[in-house]
Amino acid sequence: MSALQQYLDLFAAQRAAIEAHSPAALNARRAAALDRLQTRGLPGRGDERYKYVDVEAAFAPDYGVNVLRRPLVSGAERAFRCALPGLSAETIYILGDVVSLDAPHATEGLRLSRIGAENAGFIGENGALSPFDDGIRALGALLCQDGLVVDVAEGAEIATPVQIVGVSAAAGDVLSSRRLVVRCGSGSRLTLLLCNHSDGRHKYLNIQEVEVVAGRGARIDLVNMQEGRAGTTDFVHYDIVGQAESRVTLVDVNLSGGNVRTTADVRLTGEGAAVLTAGAVVAGGEQRAGTDVLVRHEACACSSEMLHKQVLGGRSAGAFAGRVYVAPGAQQTVGAQRSASLLISPEARAYSQPMLEIYADDVRCNHGSTTGKLDETALFYMRQRGIEEAEARLLLQHAFVSEVLRHIEIEPLRQRVEALVDQRFRGVDGRCGACSLCH
């Protein structure tokens with residue numbers, strides 16, 4: 001039996017139960033998802049976006065699916081508290097793939113709710129819940145039963161960050177399909193923090209869709225932290241639309257002990273829209289980390305910047321592919337890509353593929369990619385000033401990824417992420433005092 005067939009069989013046997021526990025907006029997509037999977041299957045190595053990913057192996061284990069939406073671990077939400085000193089946040093938990101929000105929650109300018117009849121209209125109108133373009137997204141759509149909507153009103157500046165914590169904790173191996181839809185009205189501002197954790201007791205496979213619509217002049221700062229443990233595999237996809245004069249910043253930090261594959265599709269649809277995607281990966285052991293970003297410039301005077309850095313040790317492998325597409329007529333485009341990999345083990349491997357596809361003549365676009373070891377001259381300089389070699393190496397590694405981390409504008413969050421990166425370099429698990437699940 002193929003890896004995919006077990007999920008097709010499960011869906012055939014449990015379709016009535018899946019649809020009974022799901023909103024109509026998600027049920028409406030299942031027929032198209034099923035057709036996509038039956039005709040084209042899961043992506044293979046021949047798919048350019050997954051050439052460094054063994055998708056068949058990732059989906060081969062016999063994962064369970066929480067069809068009946070029952071708590072997978074008693075008290076998981078009470079046990080897990082993701083708290084950052086000095087940061088007050090509006091926090092929502094997603095346990096497996098069940099949104100822990102019994103009723104819509106609203107403060108001035110901000111509404112948090114589960115996907116349902118009350119928000120299905122604007123989701124379709126704004127292009128969210130967009131068509132899936134690969135088999136993994138299709139499988140997520142086939143099995144997804146829940147989702148969270150973050151809706152920011154026009155002109156609202158949300159001072160308190162919204163924190164969404166995904167927790168993988170269960171009594172057995174589980175596949176979870178998570179969906180997050182973010183809509184920010186014209187002139188609004190939002191800071192969104194996504195944290196993804198696992199307890200390390202079982203194998204977890206997470207398919208996570210994050211869809212963002214930034215209205216005219218909106219500003220969205222999105223920080224994603226991947227901190228799953230060994231045995232956790234995450235497929236994360238961002239679908240971002242930037243309307244005129246909007247600005248979206250995505251900082252993706254991967255400190256996971258498992259395997260993570262991140263893809264992002266960005267469309268700049270209005271004049272003057274801007275996007276920054278910045279990623280940092282710290283990997284070791286047998287980990288696999290991959291990132292693929294596509295930015296489509298569809299209007300004039302838009303700008304995009306990609307910055308991706310990875311520090312790879314052990315027998316880990318990291319891959320980055322970035323593509324800037326400039327549509328005909330999208331003049332005065334500015335696009336920049338830069339990726340850099342630091343190999344701290346002779347057995348680590350890095351792959352990079354920067355691409356430009358330009359159909360306009362008034363543009364400024366560039367790309368660059370480097371792979372290498374620690375700077376021996378800098379290391380010698382630090383040793384000459386009395387810094388032990390091991391500590392000097394750690395300082396240089398931290399300095400290497402700090403260029404990414406400085407794009408996190410909230411100081412308490414940036415300090416916490418910097419501390420987690422330092423702990424990761426030292427081989428120490430980062431722990432929050434309020435969290436008993438990770439102890």
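Treat the numbers as computed from the prediction; the structure is a model and nothing was measured.

What is the right way to look at the pairing of strand β13 (residues 247-254) in this model?
When a strand is regular, its side chains alternate between the sheet's two faces. In terms of residue burial, β13 counts as a mostly covered element, since 7 of its 8 residues are buried. Pairing between β13 and strand β15 (residues 274-283): 8 bridges, direction parallel. What sits directly across from D252, in β15, is G279.

What is the right way to read the side chain of S246 from this model?
Positionally, S246 belongs in the loop between β12 (232-242) and β13. Within the structure, the side chain of S246 is placed 2.6 Å from the backbone oxygen of Q243, a separation counted as a polar contact. Beyond its immediate sequence surroundings of up to four residues, S246 is in contact with A214, G215, G217, A218, G272, A273 and A274.

What am I meant to see in the nonpolar core here?
In a soluble, globular protein the nonpolar side chains are often hidden away together inside. With 45 residues, the main nonpolar core has V150, I164, L180, L190 and L192 as its most contacted residues. Sequence-distant contacts of I164, that is, excluding residues within four places in its chain, are made with I92, I94, L148, V150, L180, L192, L193, L194 and C195. Listed in part, the 36 residues of the second largest apolar core include A280, V311, L413 and V417.

Teacher, can you tell me more about the pattern of salt bridges here?
A side chain with one charge can pair with a side chain of the opposite charge if their charged atoms come near. This structure, assessed with the given rule, holds 27 salt bridges. Salt-bridge contacts for R315 lead to E347; the nearest nitrogen and oxygen are separated by 3.3 Å. Residue R315 is located in the loop between β17 (303-312) and β18 (317-326), and its partner E347 is located in the loop between β19 (333-343) and β20 (349-358); the two are separated by 32 residues in the primary sequence. Given the relative accessible area of 44%, E347 is considered partly exposed. E389 is the salt-bridge partner of R393, the closest N and O atoms lying 2.9 Å from each other. One end of the pair, R393, and the other, E389, are both in helix α9 (residues 389-405), 4 residues apart, so they sit about a helical turn from each other.

How do you make sense of the packing of aromatic side chains when you look at a structure like this?
For the structure on display, the rule yields 4 aromatic pairs. Measuring from ring centre to ring centre gives 4.4 Å for Y52 and Y351, while their planes differ by 20°; the resulting arrangement is stacked. In this pair, Y52 is assigned in the loop between α3 (30-40) and α4 (55-59) and Y351 in strand β20, connecting sequence segments 299 residues apart. Accessibility expressed as a relative area gives 39% for Y52, which makes it partly exposed. By relative accessible area, Y351 is classed as partly exposed at 33%.

Calculation rules
- Residues numbered from 1 in each chain as written.
- Predicted model: local features only at pLDDT ≥ 70, side-chain atom pairs only at ≥ 80, totals over all residues.
- Heavy atoms only, no water.
- Buried < 20%, exposed > 50% of the residue type's maximum accessible area, 1.4 Å probe, protein only.
- Helix = DSSP H or I, 4+ residues; strand = E, 2+ residues; numbered from the N terminus.
- Pairing = 2+ DSSP bridges.
- Polar contact = N/O pair within 3.5 Å; in protein donor to acceptor, adjacent residues only side chain to side chain.
- Contact = heavy atoms within 4.5 Å.
- Core = buried A, V, L, I, M, F, W, Y, C linked by side-chain atoms within 4.5 Å.
- Salt bridge = Lys/Arg side-chain N within 4 Å of Asp/Glu carboxyl O.
- Phe/Tyr/Trp six-rings, centres within 6.5 Å; stacked < 30°, edge-to-face > 60°.

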